[in-house]
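Spelled out from the first residue to the last, the chains are:
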Amino acid sequence: MENNGEKNVKPAAKGRETSEFLMAIVRTLSTSADFEQREKEKARIEKTFTQSDKKLVELVSENYQDLTQITQDFSTISKSVNDAREKIKKIKDDLSSCKTLLHCKRDELRRLWIEGVEQKTMVAMLEQIEQIKEVPTKLDNLLLKKHYLHGTELVVNAVAKLENQLAGVEALRDLKAELITRKEQLHEVLIEELNKQIYIKAQTPNFSSLPGKKTGSLSKQDTLKRKGGNGVPPPEKMEFGKEVKEDLNSNPEDDPTHFIAILVESLYMLRKIPEAAEGLKIRIQPELSAIIARTSQYILESTSNQMDASNQSQYLLDLLENIFYQFRFVANMHKVVLRNLHRIIVSGVPVRQECLYDKTDVWSKIQAVVELLLREYLDVENTSASRQRAPTSFDEPSTDINSFFAKKRPAKPKKMALFRFDASIHAISTNSYVDDSRAFDTGDLFSSSLLAEMGLEKNQMVCKPSVYNITAIFKPLEAFIREIEDAIACQDGTSILQSFVTDFVQNIFLGHVHYTVSTSIGSATKVDEEDESFDALRHVVDHKTQKELGVNRPLLTSTVTVDKNLQELRELMQDLPDYADQFLNMICNTLKEYRDTCHSAYREIVQYDSDERRVISAMWAKDEDISRFLRSLPSWRSLQVSQGQELASEDVCSEEEIKALNSKEAQILISNLTSSDGLIQQEIITDVTQMRTIANVHESLEWFSNRMKDFSNGLSARSTATAAESAASEYPPVSEKTLGSLRNLVKDFQDLAEICLLLLHLEVRVHCFYFLLPVAKQSNYAGPIDDLDPDSNVLKLNKDLTSMEEVLQQSLQPKKFKYIFESLGFLVASILMNSIQYMKKINENGIKKMCRNLFAIQQNLTNITMSRESDLDHARQYYELLYINPDDVITMIAEKGSQYTFQEYTELVKLHHRSHPALSPSQLEQRMQKLKDVFFKTPNGECDS
């Protein structure tokens, strides 16, 4: 604006300057008195004019064409301006004439304007009618493509127009009625579509790929792969608060979250939010039951040809995992719906809160349906009718097992069956067929009322109902319950479903397990009704079972049965970790009962009269001094070393040390049994089958205690276990008190097993005393020449040793069999050499008879131990010294050294004098003094302490 002002000012200023310049020249010429000065001024002005004229000519010449064009344009513009002035003048005259005419026709113009407005209104109404006539077709197309928001908006606007602008159009009455009806029905379509998005979309997307599986069951890995298969993000990651818009060029179901928002928005446009919320709430339980029915039917169809009756609980686990996956999806979709409803309420829509529902309602229905399902598969209805409650305290035995082992009446002769057909091929095949045919007969096992309530049928059960089904499903069920409790934030910390599971396990399952275990073990440890004696320590498992257990010696059926039941309890500790303490208490309770059973049966074996007196070997095995000494021997320590290891260097003894230890053992036993003149009467085990029983008890309890020891070592106390130890452990942490009780019980079984082995070791030796002590005290060794056969007691001993060898070799491991019979030759030699003091007299025939006794025993022991018993040669040489005169024996000691103890030489000299009555006591004293002098002067001499 400033520049334009300058351009407007400059030409005026230039004109004034030119005028002033001319006036100045005129004044100069008129006022100048000097002619020359005027001439100079004139000449200067003329010169300047000439220059200016010249300059003007040059400029005109240079810009002639522009100047000509400007002149022509100016002429044209001037003409146009004049023409325009003429037209404006004419228009003014015309407008003045029109004004005059309009004043004359005002009413006619108003009439024409009103007719124009009416025509426009009619045209607009016709256009609306044409659009409304197309609404049904457009609505069908939109609903077919599931563009519900546009469809709802279309029908709502159409009905609004028909009720307002077009209310008086009678021709649209039928169309109005149709659209109002469709509007009323549209909210049902929307609610149905919402339910479809919530429930039908929750079906496992990978169902079609499962029938080709070899196992016929749905694996956990497949179930995990299905998660997220529908492309629905978790509700926590869904965005809300944005304006809901619908794209007509896309498939609305591609984004389920947005699709649900569209459906809720459509219901809001129809003003049907309360009806929709009520409809969704009512449909929750029936739809959940339908999911269960569909999933059950599919699993049955996909596994019908490969149904494994032995692993039915796996099918239930597959069913629950698929159901839980779908229920999580349903809960997430309901959460999406509820957040959209909340968005609409927050926006100011007046909706009564009681007309809606919340996530607690959803999870409550889910828990109710799952509980109904569990009641069927866990057979709650049948088990609760005859419920076996668990004992209140598992630390105390619930049954007095000792009542089975009270002192019995004298045994009756038992009627032995010659043979049985139970294990025949025909019986086995028949029983297998019957079991298989009954394995999955679920016809009358289910409660029809509960099935009907869930929408299931009898033929839709994937496995037989059983309380033991809880073991397969407990962990995933507990994980699902924790999800529910986290989702609804339980006020009391326990959900309805958790209360049901807890009540079932504590009041039904634990009692059922306790009853089953007690019944199984009770049948294995029952008393034989015919002879009223114990079966618990008599029957052993067959070879097939031995092979399955990986053992090479017979085990007691009762021990294997107890171990099997305890193995089931150990598995239950893993399957139901929350109840590990209860199952461990059951294990301890069972161990206490079986320990009492074994002790009672053991006592009956080692008692021999009504006064409950025990056999000598049992008393020795319990004697602390004898037991401690026997356990310190290298032969015992070698038994404690596990397979594949060797004794430590400090535990390896030389041959002289072993001989010294054997001598000490023999001295201890001899001192206990030969202190009096009396003989052993009934203080031995005469029935060799009882020896077999004791051997079986030892092997069984040792095997059992080792298994229980491994189990106890795998447990950790809850108070001391670290998080890393708990994670690495196979079993959950348990009570420290119960763990201590378990380890004490394991030690009790181990001690009893060791006592049984010590008993066998000692019993064989007591048998030697039983048969050999009468050999010297009751037999005649000064008889005629024809009495040269071995003593009858020696023959009985050989027969007895052979019988014990036969039963023990079959029942004991080779190293234990060796422990029983090794060093037995040294003991026999010591007994017979020590028995020389009880002989009244002996002749050559008697010496030969004793040597034959030793040779017969040596032959028998060699056959048993497979090694020459040189100690019996030593004993035979001792008796052969009786052939020699005592003086010659003393001379031999002086020349060659002593081979026996001083006491043994003394008894030898005394027997010689008793066998020769003609010798005087003074001669005996002389020889004894000579023997003493020679013996203690010889390098090898030693005194018998």
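What counts and how
- Residues numbered from 1 in each chain as written.
- Predicted model: local features only at pLDDT ≥ 70, side-chain atom pairs only at ≥ 80, totals over all residues.
- Heavy atoms only, no water.
- Helix = DSSP H or I, 4+ residues; strand = E, 2+ residues; numbered from the N terminus.
- Buried < 20%, exposed > 50% of the residue type's maximum accessible area, 1.4 Å probe, protein only.
- Contact = heavy atoms within 4.5 Å.
- Areas by Shrake-Rupley, 256 points an atom, 1.4 Å probe, with all protein chains shown as cover.
- Expected span 1.5 Å × (residues − 1).
- Patch = residues over 30% accessible without salt bridge, like charges linked within 9 Å, V, L, I, M, F, W, Y side chains within 5 Å.
- Salt bridge = Lys/Arg side-chain N within 4 Å of Asp/Glu carboxyl O.
- Phe/Tyr/Trp six-rings, centres within 6.5 Å; stacked < 30°, edge-to-face > 60°.
- Lys NZ or Arg CZ within 6 Å of the ring centre and 35° of its normal.
- Lys, Arg positive; Asp, Glu negative; His and termini not counted.
- Axes fitted to C-alpha atoms, helices over the stretch in contact; angles between N-to-C directions.
- Parallel < 35°, antiparallel > 145°, perpendicular 65-115°, else oblique.
- Left-handed = near helix turned anticlockwise from the far one by under 90°.
- Nonpolar A, V, L, I, M, F, W, Y, C, P; charged D, E, K, R; others polar.
- Charge placed at Lys NZ, Arg CZ, Asp CG, Glu CD.
- pLDDT = per-residue confidence, 0-100.
- Core = buried A, V, L, I, M, F, W, Y, C linked by side-chain atoms within 4.5 Å.

1. A few points about the overall build of the chain
So, point 1. Regarding its fold elements, the chain presents 35 helices and 0 strands.
So, point 2. Across the 945 residues that make up the chain, the buried fraction comes to 42%.
So, point 3. Of all intrachain contacts in the chain linking residues separated by at least 6 positions in sequence, the fraction that spans at least 24 positions is 78%.
So, point 4. Of the accessible surface of the chain, which amounts to about 52500 Å², a share of 51% is contributed by carbon and sulfur atoms.

2. As for helix α9 (residues 256–269)
So, point 1. Compared with an ideal rise of 1.5 Å per residue, which puts 14 residues at 20 Å, α9 spans 20 Å between its outermost C-alpha atoms and is within 8% of the ideal.
So, point 2. Buried residues dominate α9, accounting for 11 of its 14 residues.
So, point 3. P256, T257, F259, I260, A261, I262, L263, V264, E265, S266 and L267 are the residues of α9 that are buried.

3. Quick notes on a nonpolar patch on the surface
So, point 1. A cluster of nonpolar side chains, L56, V60, Y64 and L67, forms an exposed patch at the surface whose accessible area comes to about 380 Å².
So, point 2. If you list the elements that add at least two residues to the nonpolar patch, you get α2 (35–62) and α3 (64–104).
So, point 3. The class for L56 is partly exposed, based on a relative accessible area of 49%.

4. Examining the packing of aromatic side chains
So, point 1. Summed over all chains, the structure comprises 21 aromatic pairs.
So, point 2. Aromatic pair F324 and F480: ring centres 4.1 Å apart, planes at 10 degrees, arrangement stacked. Of this pair, F324 sits in helix α11 (residues 312–346) while F480 sits in helix α16 (residues 470–488), and the two are 156 residues apart along the sequence.
So, point 3. According to the relative accessible area criterion, F480 is buried, its value standing at 0%.
So, point 4. Ring pairs connect the aromatic residues Y878, Y879, Y900, F902, Y905, F935 and F936, which therefore count as one cluster.
So, point 5. Sitting over the ring of Y838, K777 keeps its end group 4.5 Å from the ring centre.

5. Considering the side chain of E478
So, point 1. Among the secondary structure elements, E478 is positioned in helix α16.
So, point 2. Buried charge without a partner: E478 forms no salt bridge, and the closest opposite charge is R482, 4.5 Å away.
So, point 3. Those residues within four positions of E478 in sequence are excluded, and the remaining contacts are Q498, V501 and D578.

6. Let's talk about the pattern of salt bridges
So, point 1. A complete count under the given rule lists 24 salt bridges for this structure.
So, point 2. When the shortest N-O distance is used, the salt bridge between D625 and R628 registers 3.2 Å. Separated by 3 residues within a single helix, D625 and R628 lie in helix α22 (residues 624–632), roughly one turn from each other.
So, point 3. As a salt-bridge pair, K747 and D751 come within 3.1 Å of each other at their nearest N and O atoms. Taken as a pair, K747 and D751 lie in helix α27 (residues 736–777) at a separation of 4 residues, close to a single helical turn.
So, point 4. Taking relative accessible area as the criterion, D751 reaches 25% and is therefore assigned partly exposed.
So, point 5. When salt bridges that share partners are traced, they join K146, E193 and E253 into one network.

7. Section: the packing of α16 against helix α17 (residues 496–524)
So, point 1. Where α16 meets α17, the closest approach of the two axes is 9 Å, and the angle between their N-to-C directions is 150 degrees. Taken as axis vectors, α16 and α17 run roughly antiparallel relative to one another. The handedness of the crossing between α16 and α17 is left-handed. Contacts between α16 and α17 pair I470, T471, F474, L477, E478, I481, I484 and E485 from the former with L497, Q498, V501, F504, V505 and F509 from the latter.
So, point 2. When the residues that make up the contact of α16 with α17 are grouped by side-chain class, the tally is 10 nonpolar, 2 polar and 2 charged.

8. Observations regarding the side chain of S617
So, point 1. One can find S617 in helix α21 (residues 616–622).
So, point 2. Residue classification places S617 among the buried residues on the basis of a relative accessible area of 0%.
So, point 3. Aside from chain neighbours lying at most four places away, what touches S617 is L759, L762, E763 and V766.

9. Observations regarding a negative patch on the surface
So, point 1. On the surface, D34, E36, E39 and E46 cluster together into a negatively charged patch.
So, point 2. Here D34 lies in the loop between α1 (2–31) and α2.

10. Topic: the environment of E725
So, point 1. Mapped onto the elements, E725 comes out in helix α26 (residues 723–728).
So, point 2. When its relative accessible area of 43% is taken as the criterion, E725 is described as partly exposed.

11. Some remarks on the packing of helix α25 (residues 688–713) against α27
So, point 1. The geometry of α25 relative to α27 is characterised by a closest axis approach of 8 Å and an angle of 155 degrees between their N-to-C directions. The orientation of α25 relative to α27 falls into the category roughly antiparallel. Remark: the crossing between α25 and α27 carries left-handed chirality.
So, point 2. For the contact of α25 with α27, the per-class residue count stands at 19 nonpolar, 4 polar and 5 charged.

12. Looking at unusual backbone geometry
So, point 1. Residue K146 is not a glycine yet carries a positive backbone phi of 65 degrees.
So, point 2. Structurally, the position occupied by K146 is in the loop between α5 (135–144) and α6 (148–163).
So, point 3. A positive phi angle is found at D379, which is not glycine, with a value near 55 degrees.
So, point 4. Relative to the helices and strands, D379 is located in the loop between α12 (359–377) and α13 (380–385).
So, point 5. By relative accessible area, D379 is classed as buried at 16%.

13. Describing the confidence of the model for the chain
So, point 1. With 78% of its residues at a pLDDT of at least 70, the chain reaches an overall mean of 79.
So, point 2. Under a pLDDT of 50 for its full length, residues 528–533 has, in the predicted model, 16 contacts with residues more than four places off or in other chains.
So, point 3. Confidence drops under pLDDT 50 across residues 642–647; counting only partners more than four residues distant or on other chains, this segment forms 6 contacts.

14. Quick look at the nonpolar core
So, point 1. Formed by 218 residues in total, the largest nonpolar core has its most connected members in F583 and L742.
So, point 2. Excluding residues within four positions of it along the chain, L742 makes contact with L584, I587, C588, L591, M708, F711, S712 and L715.

15. Structural notes on helix α30 (residues 824–834)
So, point 1. Within α30, 10 of the 11 residues are buried, which leaves it mostly tucked inside the rest of the structure.
So, point 2. All buried positions along α30 are accounted for by L824, G825, F826, L827, V828, A829, S830, I831, L832 and M833.

16. Quick word on the environment of S830
So, point 1. With respect to the element layout, S830 can be found in helix α30.
So, point 2. Remark: the alpha-carbon pair of S830 and H874, spanning 44 residues in sequence, is separated by 9.8 Å.
So, point 3. Beyond its immediate chain neighbours, meaning those up to four positions away, S830 contacts A666 and I670.

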